[in-house]
Amino acid sequence: IIQWCRKTLRPIQPNLPFKMNKKPGTIIAENIQLLHIETVKQIIDASPLKNGKKHLLDMGTRLAYNLKDERCKIELFIRMGADTAEAPVFFHFNFHYKVKGLDHFYEMNKDKNSPIFQGHFISTLAGISLSTARVMIYEKLNNAGLKNIILPVISPQKLLQTTTKS
């Protein structure tokens, strides 16, 4: 059994332009379509995780968008391992979404001519992405001989607060 300790190994990134609004737009699940999941990078070195010690878990996100086509991409980065710069397990996934009515979930920043997304909307996409990734990682680790490793449930809001850099 692996014990997880949520701690930043090396920060990953916060470029998510969002804020929590008092009157957010209503999210309708049927208007969010997960189009594609891409595994950008995957590293699994099982031997350091088999020692039974407490290991660290680090997660971060990055957002890309195409407002005209109502598309968003959540990049999800997950590292597991000892407190070192090189984690023995690393995943980078891209989750591509089409969101009908995307314009209800952002305001334009007039100074920078870029969108500021509503926090609950970004949290929703991050939650969908993280839940899906947990299952994918479980299967990938199982196939690599690391049986029954289940990532902990993490609040999407806390995931978005991760201090990160590329």
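Since the structure is predicted, the reported quantities are computational estimates derived from the model, not experimental observations.

Trainee: What is the right way to read the environment of Leu141 from this model?
Mentor: Topologically, Leu141 is positioned in helix H1 (residues 119–143). Along the chain, Leu141 and Ile44 lie 97 residues apart, while their C-alpha atoms are 7.5 Å from each other. Setting aside anything within four residues of it in sequence, one finds Leu141 in contact with Ile44, Met80, Val89, Phe91, Leu146 and Ile149.

Trainee: Looking at this model, I keep getting lost on a nonpolar patch on the surface. Mind explaining?
Mentor: Together, Leu34, Ile37 and Ile128 line one region of the surface with nonpolar side chains, adding up to about 190 Å² of accessible area. Look at Ile37 and you get partly exposed, because its relative accessible area is 30%.

Trainee: Would you mind showing me how to read the pattern of salt bridges here?
Mentor: In this structure the tally under the stated criterion is two salt bridges. Here Arg79 makes a salt bridge to Asp58, at a shortest N to O gap of 2.5 Å. Residue Arg79 is located in strand E5 (residues 71–81), and its partner Asp58 is located in strand E4 (residues 55–66); the two are separated by 21 residues in the primary sequence. Asp58 matches Arg79 in its accessibility class, with the two residues each being buried. Among the ionic pairs, Arg62 bridges to Glu75, the shortest N-O distance being 3.0 Å. Separated by 13 residues along the polypeptide, Arg62 in strand E4 and Glu75 in strand E5 bring together distant segments of the chain. The two residues Arg62 and Glu75 agree in class, both being buried.

Rules and cut-offs
- Residues numbered from 1 in each chain as written.
- Predicted model: local features only at pLDDT ≥ 70, side-chain atom pairs only at ≥ 80, totals over all residues.
- Heavy atoms only, no water.
- Helix = DSSP H or I, 4+ residues; strand = E, 2+ residues; numbered from the N terminus.
- Contact = heavy atoms within 4.5 Å.
- Patch = residues over 30% accessible without salt bridge, like charges linked within 9 Å, V, L, I, M, F, W, Y side chains within 5 Å.
- Areas by Shrake-Rupley, 256 points an atom, 1.4 Å probe, with all protein chains shown as cover.
- Salt bridge = Lys/Arg side-chain N within 4 Å of Asp/Glu carboxyl O.
- Buried < 20%, exposed > 50% of the residue type's maximum accessible area, 1.4 Å probe, protein only.

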